[in-house]
2 protein chains.
Amino acid sequence: MRALFSEATAVEPSDDALRVDGAAGTTTRWSGNIAEGWAIAGNANGGYVLAIAGRAMTAALGRPDPVTVTAHYLAPGQPGPVSVVVDITKQGRKFGTATAKVADEKRVILQVLGTFGDLADVAGPELIDVEPPPMPPPDKCTPMPVSDPSRPPFMGNVDLQLHPEDAGFLHGEPSGNALMRGWFRLHNEEAVDAIALLCAADSFPPAIFNTTLPRGWTPTMELTVHVRSRPGSGWLRCRFATRFVTGGFLEETGELWDDDGRLVAQSRQLALVPRD
Amino acid sequence: MRALFSEATAVEPSDDALRVDGAAGTTTRWSGNIAEGWAIAGNANGGYVLAIAGRAMTAALGRPDPVTVTAHYLAPGQPGPVSVVVDITKQGRKFGTATAKVADEKRVILQVLGTFGDLADVAGPELIDVEPPPMPPPDKCTPMPVSDPSRPPFMGNVDLQLHPEDAGFLHGEPSGNALMRGWFRLHNEEAVDAIALLCAADSFPPAIFNTTLPRGWTPTMELTVHVRSRPGSGWLRCRFATRFVTGGFLEETGELWDDDGRLVAQSRQLALVPRD
């Protein structure tokens, strides 16, 4: 099943949401749907569910772009209707801040805190320490297989082309470095907006799949995405790395660059180490 | 004014807070106080105010340690009473998740989202890519001056010893690298608990003070701290770095290590670039 991302993350306001003015202190309710076809290992991709929350928050706040968004993952998402309750904490001159809860009929799936704004005309001094990661062009990279039934359905809705040096884990030959680089785009070349970056930031296989750690479900506890710019068209160039696995936890940081070589987002997540 | 950190961050439950059981869905109210002497440039240090929220959240959840905590800074904190309202989203087997709002009489100062647990006996495979940053011992480092009235009062309540290579900005000779390394401890050698790590993560001068960017107030929009372990006694070895300044925003990442060479916390913040 291949649906437009924008449709698969759309939300509808409740009647109440239509009557309020988006000021601090207001609560609005939104309904969305976890679509079929966005699951990994039977659970909806965390970045995809976060994007549903992002749609409701941007609508409730009346601000187009997430600037910094944090999600705490509390239960797996399954296809079906979800509600999003958005509580606005502050509306400032340039930014608005809100919390949001995404829940199905039984339980809360994720709790979100985000500050939104307008990234259309950001400006300021630039100081960039790092170049976009060098990679072969997408058609020289290794596609995440989609025809194999053992592969996640999620990979039918996004196009991931892995750096060949980081794709060895697919056939049991991890590189030995906790690094995962590759290209991302939505299926059918749908444009990636700032909300879709929240999904892109959680779309790659865990970087630790290239180490000797057990490969398996690596549940995200918390994901924070800083959106630094609206992306241009074309593929995103992505780099994810893990540096510290301790006490059952690991962090994974990500950098996402657009085709024009601009840093468009940085991500960091705290995840639980997979068990044998 | 030199007060114990534990006293300067203490909270008292409201009567209501004493009657509830800390289950998901409950709201509790706590009162605290932003003490004198924790300000930088006239505003209470953000990590210090976050620690007040942390005290209320750990009490409301009945769980001793922050595991991952995100704060969005909405208004400067000034000395005086504050309220902390904690809403519990989930109580699981190992972790509890809540949001919290810290407010003074006029406005919300920060909005927090955190997941708490018990880090007393964490275990799991270890994979560590990076050594603690090499530094001269604390007494061979450069103290942040406290006697100078132009220095923040905050520096009278914490002991910061900067790596000599990163201390040049103090006399107008920035190193040219967006890097700030040094030692941290609370004054009078008060033990640093997991909550105090939230303060330590925001206690150093911005790493960009060692670049050619204007030096000035660098307001934190969002700070996320992952606590990986309760720290042992003694100094914390800290390293903060900024890699991307774009569009008026910058990120700063931090690593905090205890005296036994264990990674105890990782931090990342999104801040606004100071203006000329």
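S.K.: Outline the overall build of chain A, supporting the account with residue identities and numerical values.
M.R.: In terms of helices and strands, chain A carries four helices and 17 strands. Against the 2.2 N^0.38 benchmark of 19 Å for 276 residues, chain A shows a C-alpha radius of gyration of 18 Å, consistent with a compact globule. Projected onto its principal axes, the C-alpha coordinates of chain A cover approximately 55 × 45 × 40 Å. Taken across its 276 residues, chain A has 54% of its residues classed as buried. For chain A, contacts bridging at least 24 residues in sequence account for 70% of all contacts bridging at least 6.

S.K.: Please set out the pairing of strand β16 (residues 249-257) of chain B residue by residue, giving values where relevant.
M.R.: Residue and element names in this part refer to chain B. Burial analysis of β16 places eight of its nine residues in the buried class, the great majority of the element. Pairing of strand β14 (residues 236-241) with β16, which is carried by five bridges, proceeds in the antiparallel orientation. Across the sheet, the residue bridging to arginine 237 is tryptophan 257, located in β16. Relative to β16, strand β15 (residues 244-246) runs antiparallel, the two being bridged by two bridges. Bridge assignment links threonine 246 to a residue of β16, and that residue is phenylalanine 249. Joining the antiparallel neighbours β15 and β16 is a turn of two residues, in which glycine 247 adopts a positive phi near 60°. Summarising the sheet, β16 and strand β17 (residues 263-272) pair through nine bridges and their orientation is antiparallel. Looking at the pairing, leucine 250 lines up with alanine 271 of β17. If you look at the hairpin formed by β16 and β17, you'll find five residues sitting between the two strands, and glycine 261 has a positive phi there, around 80°.

S.K.: Tell me what's going on with unusual backbone geometry, and back it up with residues and numbers.
M.R.: Residue and element names in this part refer to chain A. Located in the positive-phi region is asparagine 188, a residue other than glycine, with phi close to 60°. Mapped onto the elements, asparagine 188 comes out in the loop between β12 (179-186) and α4 (194-200). The phi dihedral of glutamate 189 is positive, around 55°, even though this residue is not glycine. With respect to the helices and strands, the residue glutamate 189 is situated in the loop between β12 and α4. Taking the C-beta count within 10 Å as the criterion, glutamate 189 has 11 such neighbours and is therefore assigned exposed.

S.K.: An account of helix α3 (residues 46-61) of chain A is needed here, citing residue identities and associated values.
M.R.: Residues and elements named next belong to chain A. For α3, built from 16 residues, the straight-helix expectation of 22 Å at 1.5 Å per residue is met to within 8% by its first-to-last C-alpha distance of 22 Å. Across the 16 residues that make up α3, a large majority, 15, are buried. Remark: glycine 62 follows α3 within two positions and exhibits a positive phi of approximately 70°.

S.K.: Describe the domain arrangement of chain A, naming the residues involved and giving the relevant values.
M.R.: All names here are of chain A. Taken as a whole, chain A is organised into domain 1 (5-117) and domain 2 (140-272). For domain 1 and domain 2, the distance between their C-alpha centroids amounts to 22 Å. Each partner contributes to the interface: domain 1 provides 26 residues, whereas domain 2 provides 27 residues. Looking at the side of domain 1 that touches domain 2, the elements with two or more residues in it are α1 (5-8), β3 (39-40), α3 and β5 (65-73). In terms of residue count, β5 provides more of the side of domain 1 that touches domain 2 than any other element does, nine residues in total. Residues belonging to the side of domain 1 that touches domain 2 are distributed by class as follows: 13 nonpolar, eleven polar and two charged.

S.K.: Can you lay out the interface of chain B and chain A for me, pointing to particular residues and giving the numbers?
M.R.: The interface is formed by 44 residues belonging to chain B together with 44 residues belonging to chain A. Partitioning the side of chain B that touches chain A into residue classes produces 18 nonpolar, 17 polar and nine charged. Relative to β15 of chain B, strand β9 (residues 127-128) of chain A runs antiparallel, the two being bridged by two bridges. Note that in β15 of chain B the partner of isoleucine 128 of chain A across the bridge is phenylalanine 244 of chain B.

S.K.: Can you explain the environment of cysteine 238 of chain B? Please cite residues and give values.
M.R.: Residue and element names in this part refer to chain B. By secondary structure assignment, the location of cysteine 238 is in strand β14. A tally of 27 C-beta atoms within 10 Å means that cysteine 238 is categorised as buried. Sequence separation between cysteine 238 and leucine 186 is 52 residues; the distance between their C-alpha atoms is 14 Å. With residues near it in sequence (within four places) discarded, cysteine 238 still touches Arg181, Gly182, Phe184, Ala200, Phe204, Gly254 and Leu256.

S.K.: Break down the relation of the copies chain B and chain A for me, with residues and values.
M.R.: It takes a turn of 180° to lay chain B on chain A, together with a shift of 0.0 Å along the axis; the resulting RMSD is 0.0 Å. A rotation of that kind, with that shift, is consistent with a two-fold axis. Nearest to the rotation axis, the C-alpha of leucine 113 of chain B is located 3.3 Å from it, this being the minimum over chain B. Both copies share a contact surface, since 100% of the interface residues of chain B are interface residues in chain A too.

S.K.: Tell me what's going on with the pairing of strand β6 (residues 80-91) of chain A, and back it up with residues and numbers.
M.R.: Residues and elements named next belong to chain A. In the sheet, strand β2 (residues 27-34) pairs with β6 via eight bridges, with the strands oriented antiparallel. Within β6, the position partnered with threonine 28 by the bridge is valine 86. Where β6 lies against strand β7 (residues 96-103), eight bridges are found, and the strand directions are antiparallel. Bridge pairing links isoleucine 88 to alanine 98 in β7.

Analysis parameters
- Residues numbered from 1 in each chain as written.
- Chains lettered and ligands numbered in written order.
- Predicted model: local features only at pLDDT ≥ 70, side-chain atom pairs only at ≥ 80, totals over all residues.
- Helix = DSSP H or I, 4+ residues; strand = E, 2+ residues; numbered from the N terminus.
- Rg over C-alpha atoms; globule rule 2.2 N^0.38 Å.
- Buried ≥ 20, exposed ≤ 12 C-beta atoms within 10 Å, placed from the backbone.
- Contact = placed C-beta atoms within 7 Å.
- Pairing = 2+ DSSP bridges.
- Expected span 1.5 Å × (residues − 1).
- Domains from an automatic or database assignment.
- Nonpolar A, V, L, I, M, F, W, Y, C, P; charged D, E, K, R; others polar.
- Least-squares fit on C-alpha atoms with pLDDT ≥ 70 in both.

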